[in-house]
Amino acid sequence: MAPRPLAVADGVEGMADMEIEEWAAARPRSQASPKIELRAAALGRGVFATEAIAAGEVLIALAHVFVAAAEQYTIQLDEDRHQAGTGEIDDFLNHCCEPSAALDVERLCFVAVRPLAPGDEITFNYLTSEWDMAEAFTCRCGADRCFGNIRGFRHLSRAQQDSLAPSITPFLRRKRASGLPSAA
C-alpha cells in the first residue's frame, strides 16, 4: 500500500491548512514497532525489519480510522467498514502472495507470520481481506504461489480460496460460508 493525499472522504474539504494540521494531529495514530522502518523497496517504498522479529509479534497497531467504501489504500474489515489510509507506515505494506505479516482483525494490527531477520520486507496478502480490490493490479512478488492478477478474494478459484482460508478475515469467512460463487 502507498500513501494517499487527504481527500474529501477524510472530512477535510473546505478546511484551511491550519485546520487540517490540527485535525491530523488530533486523529488516532498507528503505532509501529521500533523494529521496523519505511525505506526504498523494489517498486517504490516498503516496510522492513531493522531487528530480528519473532513470529506472532505485533508489527503495527492500526489507527481506528474508518470509511464506508473501499478506496485504493483501505483495508476491508466488513461489508461497509474499511480501515482508512492515513499516510502512516501501515499504508506502505506492500502486497505479497506469500506474506511476512497477517492482519489480526480482532486487535486491528499486523503481526509477523514467521520469524523475520533484519532487512526482511514486511508484506501483507491483500487477498486475505479484500472481497473486491478498489484497484486491481498485476502482482510481481515472485512467490512460488503467486496469484498473478490481484482483483480480490471473490475473483479467486475455489482452490485458491481454500489455500488462503486459514489467513482470511472474519468478513471473508462469512462471505465464503454464505455460498457466494468464486471465479471458478
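Please refer to the structure higher up on the page.
Reference entry: report on the structure contained in this document.

Conventions used here
- Residues numbered from 1 in each chain as written.
- Predicted model: local features only at pLDDT ≥ 70, side-chain atom pairs only at ≥ 80, totals over all residues.
- Heavy atoms only, no water.
- Helix = DSSP H or I, 4+ residues; strand = E, 2+ residues; numbered from the N terminus.
- Buried < 20%, exposed > 50% of the residue type's maximum accessible area, 1.4 Å probe, protein only.
- Contact = heavy atoms within 4.5 Å.
- Areas by Shrake-Rupley, 256 points an atom, 1.4 Å probe, with all protein chains shown as cover.
- Disulfide = S-S within 2.5 Å.
- Salt bridge = Lys/Arg side-chain N within 4 Å of Asp/Glu carboxyl O.
- Phe/Tyr/Trp six-rings, centres within 6.5 Å; stacked < 30°, edge-to-face > 60°.

**Focus: the overall build of the chain**
The secondary structure content of the chain amounts to 3 helices and 13 strands. Counting every position in the chain, which comprises 184 residues, the buried fraction comes to 43%. Residue pairs at least 24 apart in sequence account for 59% of intrachain contacts in the chain once pairs closer than 6 positions are excluded. Just so you have it, the chain exposes about 9200 Å², and 52% of that area is on carbon and sulfur atoms.

**Some points on the state of the cysteines**
Evaluation of the coordinates by the stated rule reveals 0 disulfides. With no disulfide of its own, Cys97 has Cys139 as its nearest cysteine by sulfur position, at a separation of 3.8 Å. Residue Cys139 stays outside any disulfide, its sulfur separated by 3.4 Å from that of Cys141, the closest cysteine. Judged by relative accessible area, Cys139 falls into the buried class, the value being 9%.

**Structural notes on the pattern of salt bridges**
Opposite charge on two side chains makes pairing possible when the charged atoms of those side chains draw close. One pass over the structure, following the stated rule, counts 9 salt bridges. Of the charged contacts, one joins Glu79 and Lys175 as a salt bridge, the two residues approaching to 3.2 Å between their closest N and O atoms. With Glu79 in the loop between β6 (75-78) and β7 (81-83) and Lys175 in helix α3 (residues 170-177), the pair connects residues that are 96 residues apart, well separated along the chain. On the basis of relative accessibility, which here comes to 41%, the residue Glu79 falls in the partly exposed class. Note that Asp162 is salt-bridged to Arg176, the shortest N-O span being 1.9 Å. Residue Asp162 is located in helix α2 (residues 158-164), and its partner Arg176 is located in helix α3; the two are separated by 14 residues in the primary sequence.

**Some points on the side chain of Arg176**
A residue is classified by how much of its surface remains accessible, and Arg176, at 18% relative accessible area, is buried. In contact with Arg176, other than residues within four places in its own chain, are Phe153, Arg158, Gln161, Asp162, Ala165 and Ile168.

**A look at the packing of aromatic side chains**
Counted according to the given criterion, the structure contains 4 aromatic pairs. Ring centres of Phe110 and Phe124 lie 4.8 Å apart, and the angle between their planes is 75 degrees; on these two criteria the pair is classed as edge-to-face. Of this pair, Phe110 sits in strand β10 (residues 109-112) while Phe124 sits in strand β11 (residues 121-124), and the two are 14 residues apart along the sequence. Residue Phe110 is classed as buried on the basis of its relative accessible area, which comes to 0%. Centroid distance Phe124 to Tyr126: 5.8 Å. Interplanar angle 50 degrees. Geometry classified as tilted. Phe124 gets classed as buried once you look at its relative accessible area, which sits at 1%.

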